Amino acid sequence: MKKFYDRDNELKELTNLQRQAYEDYSRFVVLTGRRRVGKTSLVYKMMSTTSAEAPGLYFFVGRKTETILVKNFSQEAREKLGEFIPEGLQSFRELFHLILEIGKRKKFTLFIDEFQEFDNVNAGIFSDIQELWDKYKKETNICLIVSGSIFRLIEKIFKDEGQPLFGRDDCTIKLQPFSTSTIKEILSDHKRNYTTEDLLALWTITGGVARYIELLMNNGCTDANKMIHYVCSSGDSFFIDEGKNILIQEFGKQYGTYFSILDQIAHGDVTQSEIEGALGMKSLGGQMKILEDKYGLIKKKRPVGAKEGSQTVRYEIQDNFFRFWFRYIHRHAALIELHNMPALEKIMTDDYTTFSGIALERWFRKKMIETFGYKQIGAWWKPNGINSKGNRDDFEIDIVAETINGEVEVYEVKRNSQKYSPSRLEEKVSEMKRKIFKGMEIKKACLSMDDM
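Since this is a predicted model, take the numbers as computed values, not measurements.

Novice: Explanation requested: helix H19 (residues 422-432) in the structure shown.
Specialist: Helical geometry note: an α-helix holds 3.6 residues per turn, so side chains three or four residues apart project in the same direction. Taken residue by residue, H19 has Leu425, Lys428, Val429, Glu431 and Met432 as its buried positions. Around the axis of H19, the buried residues are gathered within 160° of arc, so they sit on the same side. Contacts made by the buried residues of H19 are with strand S8 (374-381), strand S9 (396-403), strand S10 (408-413) and strand S11 (442-447).

So, in structure tokens, the structure goes:
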């Protein structure tokens, strides 16, 4: 996937900050976003576009000794800046000091990738950067961009008042997965006559994350069966360890409980009490709050119109890929241990229609959000609606949205529009209007695969 897709707004913002740094004085930019979303590619694109005006340096903070990192960084600085930098520098502080001195007479961009890893190399580096940046910022013309994928650490470095770099950034940009229109464009470039089923599969598995889409497209996986087969191609498949690799870095040694909670939520919108019952654990509210507020991995769902403090709450996993990974790969780890990938592939294939149906709702919500035409988008269900069989009552409307102009729209989402019952939706809307939107005209319709 060599073509560079989307990111026009982010490129514009980065380029504008770079211009300010070159014309005025140095700027410090923090770029965040989940792993694989395309942060490094974005900065490379920006630096390549503006390289004629000024050079761009790339420092990747790997888990190496400080001496080795500084040796590698020094070589990059020599090549890109064409300046004398002595051999044998031992500390990042020494190198950063030299780079800032060069910044007094030369404009350039410095991109430090996986910036949070300095914490493992030498946590004192953050204090060194703060001290030197405060001293040189107004005297130099450097666009300093730092990027990090471990949200917990990046948040701590820049948002914790007790940390040296608190408040030092001029701008924080959070890179999101691709928009619905971009996902369509990418699939079209790789399969001109793609079907809506192909599009739904790409969205269901990747959630619009750049690296996952790139892997599938580069390997010719342009329909659901090929995508699932590629994911299950071997126990060493990229996707098998991906969820664990990302989240263990976030959660640390406490990942077991968090994984158990996410596993439960991946199998359907559930309440906290249902999760606690399934896991045989009490008082998971603290962990749920951390998953929601700190990591943004899960999200509360309340019926539209419910008060903020109401107990009518269900939880969902926000990230499509993690929802996919916990539902199939984490839950069926025993099959992977036995290298029984055909059995895992069959489980995914058999369940795909049900699983992707929920992803279809998410697609339409995301598509509506991208229009900037709504002030609220959610769902509605009858609180405590339990039928005679002990199951949740199906008085539930998939999408309830209120436009900026105050108009209300409700939609049933069906993979097959033939299964839509206007009379049944009318019945649900009548029940809803007993609680909210009383006396209002409501637009009612079905959204199906044909509307993607």
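Novice: For this particular structure, what's the right way to read the sheet that holds S11?
Specialist: Pairing between the strands of a sheet comes from backbone hydrogen bonds, and it takes one of two forms, parallel or antiparallel. Within the open sheet, the four strands sit side by side as S8-S9-S10-S11. Their pairing is mixed. Strand pairing shows two members of the sheet lacking a second neighbour, S8 and S11, which therefore form its edges. Going from strand to strand, the sheet's axes swing by 25° on average, the running direction of each strand aside. Sheet analysis places S8 next to S9, joined by six bridges and oriented antiparallel. Across the sheet, glycine 378 pairs through a bridge with valine 400, a residue of S9. Lying on the sheet, helix H18 (residues 341-369) is in contact with S8, S9, S10 and S11; it crosses S9 at an angle near 5°.

Novice: What exactly am I supposed to notice about the nonpolar core here?
Specialist: Within soluble globular proteins, side chains that are nonpolar tend to cluster in buried spots. Within the largest apolar cluster, 74 residues are counted, with the highest numbers of intra-cluster contacts made by Leu247, Phe251, Leu262, Leu291, Phe324 and Met348. A per-element tally of this core places H18 first, with ten residues. Those residues in contact with methionine 348 that sit more than four places away from it in its chain are Ile228, Val231, Cys232, Phe324, Tyr328 and Ile329. In this structure, Ile99, Ile102, Ile129 and Tyr136 belong to the second largest nonpolar core, which totals 36 residues.

Calculation criteria
Per chain, the residues get numbers from 1 upward, laid out in the order the sequence is written. Under the rules for a predicted model, residues below a pLDDT of 70 receive no local features and side-chain atom pairs below 80 are neither given nor counted, while totals for whole chains, interfaces and linings still include all residues. Values shown for side chains rest on all heavy atoms present in the structure; no hydrogens or waters enter the calculation. Between buried and exposed lies partly exposed: a residue is buried under 20% and exposed over 50% of the maximum accessible area for its type, with that area taken using a 1.4 Å probe on protein chains only. Each helix is a run of DSSP H or I of at least 4 residues and each strand a run of E of at least 2, with the numbering of both proceeding from the N terminus. Along the arc lie the directions from the helix axis toward the C-beta atoms. Working rule for contacts: check all heavy atoms of both residues, and any pair within 4.5 Å makes them a contact. Any two strands are treated as partners once DSSP identifies two or more bridges connecting them. Lines fitted to the C-alpha atoms define the axes, with helices restricted to the stretch that makes contact. Angles between their N-to-C directions range from 0 to 180 degrees. In these notes, a set of buried Ala, Val, Leu, Ile, Met, Phe, Trp, Tyr and Cys residues joined through side-chain atoms within 4.5 Å is what counts as a nonpolar core.

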